[in-house]
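Structural features, examined
Below, each chain spelled out in residue letters.
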Amino acid sequence: TEVENFPGYPEGVTGPVMMEDMRKQAERFGTDIRFGIATDVDFSGHPHKVTIDGEKVIEADAVIIATGATAKYLGLPSEEAFRGAGVSACATCDGFFYRGKDVAVVGGGDTACEEATYLAGLCRKVYLIVRKNYLRASKAMQERVFRTENIEVLFEHNTLELFGSDMGVEGARLVYKKGTPEEATKEIKIDGFFLAIGHTPNTEVFKKYIEVDEQGYIITEGKSCKTNVPGVFAAGDVMDPIYRQGIAAAGTGCRAAIDAERYIGELHA
């Protein structure tokens, strides 16, 4: 989809085009780019070993983990059908496209409230769909939501499905008090549907060696990108549960590269 907030692209750029630009820039400096899935690692000694596609083992003095985080979705077939056509997991990435329109945000935590208030500054109407009868967000964040006139909080609502056309999402079908005698369905007309129910960091393959927090994000030392294993570093959303932006990830990528370079220099000094 369109990326509007990465420096250097005044007219915006699509994700695939930006990725291709980055690939060409890396290759210009001699980077050996290979494709595959890291299915296992061995960080028990030196050199570090990474198994690709369950077959090939690559050995390295230093490893930078930049596997990102996967947004959690509700798992609805209609949600999958409209992904990229009205369904998004990043309001700050895609909110620009819904200026003056009606949208919905799913979630009840700080992230959901923050995204709802952000979208309220762009959109005509924002529905905040909350599964429970209360918000889990901080008191300050809750007050901000309730003070924002064009946010309507729908407590005890669950999304049954999205509907629309080839042009994208046109509405959502909700159920109130699901599974109770008072259960009732309703439809809301929306152009955008934003998920804010959390992310899952892609760290499963590293957990037997790398220290992670309770959510699974890699823990790094201070302002560095060092993990608890010497010679293994982490960058991007895999170690950042807060910002989750391309430019923030690129910044940690730079820091991890410098950390790795210094580590290798000391290793061979």
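These notes cover the structure that comes with them. All residue numbers refer to positions counted from 1 along the written sequence of the respective chain. Local features are withheld for residues below a pLDDT of 70 in this predicted model, meaning they are given only at 70 or higher, and side-chain atom pairs are given and counted only at 80 or more; totals for whole chains, interfaces and linings count all residues. For side-chain calculations, the full set of non-hydrogen atoms in the structure is used, while hydrogens and water are omitted.

1. A word on the overall build of the chain
Defined as follows: In this description a helix means any DSSP run of H or I spanning at least four residues, a strand means any run of E spanning at least two, and both kinds are numbered starting from the N terminus. Exposed residues in this analysis have more than 50% of their type's maximum accessible area, buried residues have under 20%, and partly exposed residues fall in between, with area computed by a 1.4 Å probe over protein chains only. Note on areas: Shrake-Rupley with a 1.4 Å probe; residue coverage comes only from the protein chains shown. Positive residues here are Lys and Arg, negative ones are Asp and Glu, while His and the chain termini are left out of the count. One atom stands in for each charge, and that atom is NZ of Lys, CZ of Arg, CG of Asp or CD of Glu.
Counting its regular elements, the chain contains six helices and 17 strands. Split into buried and exposed, the 269 residues of the chain put 41% on the buried side. Per element, the accessible surface of the chain, about 15,200 Å² overall, is 51% carbon and sulfur. For the chain, the distance from the average position of its 30 positive side-chain charges to the average position of its 41 negative side-chain charges is 4 Å.

2. Some details on the packing of helix 4 (residues 110-120) against helix 5 (residues 139-147)
Selection rule: Axis angles are defined between N-to-C directions and span 0 to 180 degrees, where every axis is a line fitted to C-alpha atoms and, for a helix, only to the segment in contact. Here a crossing is taken to be left-handed if its near helix is turned anticlockwise relative to the far helix by less than a right angle, and right-handed if that turn runs clockwise. Here, two residues are considered to be in contact whenever any of their heavy atoms come within 4.5 Å of each other. Note that Gly is not counted as nonpolar here; it falls among the polar residues with everything else outside the nonpolar set of Ala, Val, Leu, Ile, Met, Phe, Trp, Tyr, Cys and Pro and the charged set of Asp, Glu, Lys and Arg.
Contact geometry for helix 4 and helix 5: axes closest at 10 Å, N-to-C directions at 35°. Crossing of helix 4 over helix 5 shows left-handed handedness. Only Met141, Arg144 and Val145 of helix 5 make contact with helix 4, whose side of the interface consists of Asp110, Cys113, Glu114 and Thr117. Among the residues forming the contact of helix 4 with helix 5, the class breakdown is three nonpolar, one polar and three charged.

3. Regarding the pairing of strand 11 (residues 151-155)
Filter applied, for reference: Two strands qualify as a pair provided DSSP detects at least 2 bridges between them. By the criterion used throughout, a crossover qualifies as right-handed when its path from the first strand across the helix to the second strand runs clockwise, the strands pointing away from the viewer.
By the bridge criterion, five bridges tie strand 10 (residues 125-130) to strand 11 in an arrangement that is parallel. When the sheet's bridge partners are listed, Val126 is paired in strand 11 with Ile151. Once the chain exits strand 10 it traverses helix 5 before rejoining the sheet at strand 11, and the crossover so formed is right-handed.

4. Considering the pattern of salt bridges
Selection rule: Basic side-chain nitrogens of Lys or Arg form a salt bridge, by our definition, when they fall within 4 Å of a carboxyl oxygen of Asp or Glu.
For the coordinates displayed, the defined rule picks out 11 salt bridges. Linking Asp40 and Lys208 is a salt bridge whose minimum nitrogen-to-oxygen distance equals 2.9 Å. Placement of the pair is Asp40 in strand 3 (residues 38-42) and Lys208 in the loop between strand 16 (199-201) and strand 17 (232-234), with a sequence separation of 168 residues. Residue classification places Asp40 among the partly exposed positions, given a relative accessible area of 30%. Judged by its relative accessible area of 53%, Lys208 is exposed. Among the ionic pairs, Lys207 bridges to Glu204, the shortest N-O distance being 3.4 Å. Exposure remark for Glu204: the relative accessible area of 61% places this residue in the exposed category. Within the structure, one salt-bridge network assembled from shared partners comprises Glu20, Arg23 and Glu27.

5. Regarding the nonpolar core
Our working rule: We call a set of buried Ala, Val, Leu, Ile, Met, Phe, Trp, Tyr and Cys residues a nonpolar core when their side-chain atoms join them within 4.5 Å.
Membership of the largest hydrophobic core comes to 22 residues, with the highest contact counts inside it found for Val105, Leu119, Val126, Leu128 and Ile151. At five residues, the largest contribution of residues to this core is made by helix 4. Contact partners of Ile151, with chain neighbours within four places excluded, come to Ala116, Thr117, Ala120, Val126, Leu128 and Val145. In terms of nonpolar packing, the next biggest core, distinct from the first, is built from 17 residues, Val87, Ala89, Val106 and Ile129 among them.

6. Some details on the packing of aromatic side chains
To keep it simple, the criterion reads: Here a Phe, Tyr or Trp ring, Trp counted by its six-membered ring, pairs with any other such ring whose centre lies within 6.5 Å, and the pair is stacked when the planes are under 30 degrees apart, edge-to-face when over 60, and tilted otherwise.
Scanning all chains against the criterion turns up six aromatic pairs. Here the aromatic rings of Phe43 and Tyr209 are separated by 5.9 Å at their centres, their planes lie at 55°, and the arrangement is tilted. One end of the pair, Phe43, is in the loop between strand 3 and strand 4 (48-52); the other, Tyr209, is in the loop between strand 16 and strand 17, and 166 residues separate them in sequence. Look at Tyr209 and you get partly exposed, because its relative accessible area is 25%. Here the aromatic rings of Phe233 and Tyr263 are separated by 6.1 Å at their centres, their planes lie at 70°, and the arrangement is edge-to-face. Note that Phe233 is positioned in strand 17 and Tyr263 in helix 6 (residues 246-267), a separation of 30 residues in sequence.

7. Description of the environment of Val169
When you line up the elements, Val169 lands in strand 13 (residues 168-176). Along the sequence, Val169 and Ile190 sit 21 residues apart, while their C-alpha atoms lie 7.0 Å from each other. Sequence-distant contacts of Val169, defined by excluding residues within four places in its chain, comprise Phe82, Ala85, Gly86, Val87, Leu162, Phe163, Gly164, Ile190 and Asp191.

8. Quick look at the side chain of Asn150
Stated formally: In protein, a polar contact means a hydrogen-donor-capable atom and an acceptor-capable atom, both N or O and within 3.5 Å, with residues adjacent in sequence counting only if both atoms are side-chain atoms; elsewhere, any N or O pair within 3.5 Å suffices.
Tracing the chain through its elements places Asn150 in the loop between helix 5 and strand 11. Within the local environment of Asn150, its side chain forms a polar contact with the backbone oxygen of Arg124, the two atoms lying 3.5 Å apart. Sequence-distant contacts of Asn150, that is, excluding residues within four places in its chain, are made with Ala120, Cys123, Arg124, Lys125 and Val126.

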